Amino acid sequence: MTQERDETTATPIAPETEGRTPLLEVRGLKKYFPVQQGFLRRTVGYVKAVDGVSFTVDPGETLGIVGESGCGKTTLGRCLLRLYKPTDGAIQLNLDEGSLDIMDLRGDEMKLFRRRAQIIFQDPFSSLNPRLSILDTVGEPLLVNNVARGRELEERVREVIVQVGLRVEHLRRFPHSFSGGQRQRIGIARALVVNPKIVVADEPVSALDVSIQAQILNLLERLQQEFHLTYLFVSHDMSVVRYICDRIAVMYAGKVVELGPKADLLAEPRHPYTELLLAAVPRTARGVRGQRTITPGEPPDPSNLPSGCVFRNRCRFAQDICAEQEPALQKVDDNHFASCHFADSLELEGIRADASGRS
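These numbers were taken from a predicted model, which means no experiment stands behind them.

A separate point is the layout of surface pockets. Remark: the empty space left among the atoms is shown by a probe the size of a water molecule rolled over them. Each pocket or cavity is described by its volume, and for the second largest pocket that value is around 460 Å³. The wall of the second largest pocket is formed by 16 residues, among which Arg 114, Gln 118, Pro 141, Val 144 and Asn 145 lie closest to the centre. When the residues that make up the lining of the second largest pocket are grouped by side-chain class, the tally is eight nonpolar, three polar and five charged.

The next thing to look at is empty space enclosed by the protein. The full count for this structure, using the stated rule, is three cavities of 30 Å³ or more. Of the voids in this model, the largest cavity is the one considered here, and its volume is about 80 Å³. Taken together, 13 residues form the lining of the largest cavity, with Pro 272, Cys 309, Cys 315, Cys 322 and Cys 340 sitting closest to its centre. Grouping the constituent residues of the lining of the largest cavity by class yields nine nonpolar, three polar and one charged. Together, Leu 24, Leu 80, Leu 81, Leu 93, Ile 102, Phe 113, Ala 117, Ile 198 and Val 200 line the second largest cavity. Among the residues making up the lining of the second largest cavity, the classes are represented as nine nonpolar, no polar and no charged.

This brings us to the pairing of strand β11 (residues 330-333). Taken together, the three bridges between β11 and strand β12 (residues 336-338) define a ladder with antiparallel strand orientation. When the bridges of β12 are listed, Lys 331 appears paired with Phe 337. With antiparallel pairing between neighbouring strands as the criterion, β11 and β12 make up a hairpin whose turn holds two residues, including Asn 335 at a positive phi of roughly 55 degrees.

Reading the values: rules and limits
- Residues numbered from 1 in each chain as written.
- Predicted model: local features only at pLDDT ≥ 70, side-chain atom pairs only at ≥ 80, totals over all residues.
- Heavy atoms only, no water.
- 1 Å grid on protein atoms, 1.4 Å probe; cavity = no way out; pocket = protein on both sides within 12 Å on 5 of 7 lines; lining within 4 Å.
- Points joined across faces, edges and corners; volume = space filled by probe spheres on them.
- Nonpolar A, V, L, I, M, F, W, Y, C, P; charged D, E, K, R; others polar.
- Pairing = 2+ DSSP bridges.
- Helix = DSSP H or I, 4+ residues; strand = E, 2+ residues; numbered from the N terminus.

Here it is, written out as structure tokens:
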């Protein structure tokens, strides 16, 4: 695909974690979808779903990707797994078997990558084939990747089904006989059966009841310890992300506008958009009333992004420089990054836990 590139904008550098080799390195990742019109389907523009995203993920870490609907979270996750082919950028997965350049995988490297990187889908109903039994559904990745067959396959499926909280007698049943929470457990088992190193969890609890959400989140935490997993946890729910994640990356209009450790980002946000998201988190501690922040406007059209800062039309702190110059994702504290011209001077409201651990 031929596509215009802005040569004046330097590729952003992914924030590094000192002292460790990251499991996943993402630099300047872009995914543009062409906008076509007319009988000849001429390309007249591009939807910039992911636009210059950079970050790293350490082994055993859970990185949360949060933002409003349409900000590019799911597209980012699918690009990392090569379910979508990225338009530009670099993605590297560092494994014991060696480093994989995800942008240019072929043959045996692609097979290895498919075993080491898996996804948990958002919808537990449409993500399972209604014509396949649970044994066939969970065992399919083993067949496709030539990991196991026959009795060995069934034994491996039995093992992982029990680990996710289901029973062995469920193996011969079909998806229609399970509840939403049970179906999501099946989806988790399908992702873990090939022993991946990294799992993209694409809003895995958003379609479930609140009580079931807690069970699935606790299950994911336990499985992370047992399987030594690394998670990229995609969600629009800040309450869920602050429960399970170690670091949080906030996305807006295809860009990462803030990235940092969970405690720092929640207590002292450095980007006005992060403050907006935190204002929507319910407060449960006695005597604590969250102040609702009313922000005018809507997210910009990803096919026609504004000049300068993509959030400037909704930001109460916007000044002339915000329209003229796009802010880079820069370090504002230890392992804390924000793309705002005034990140060092703004006093933004976060959320803090009380003595009982509630907010």
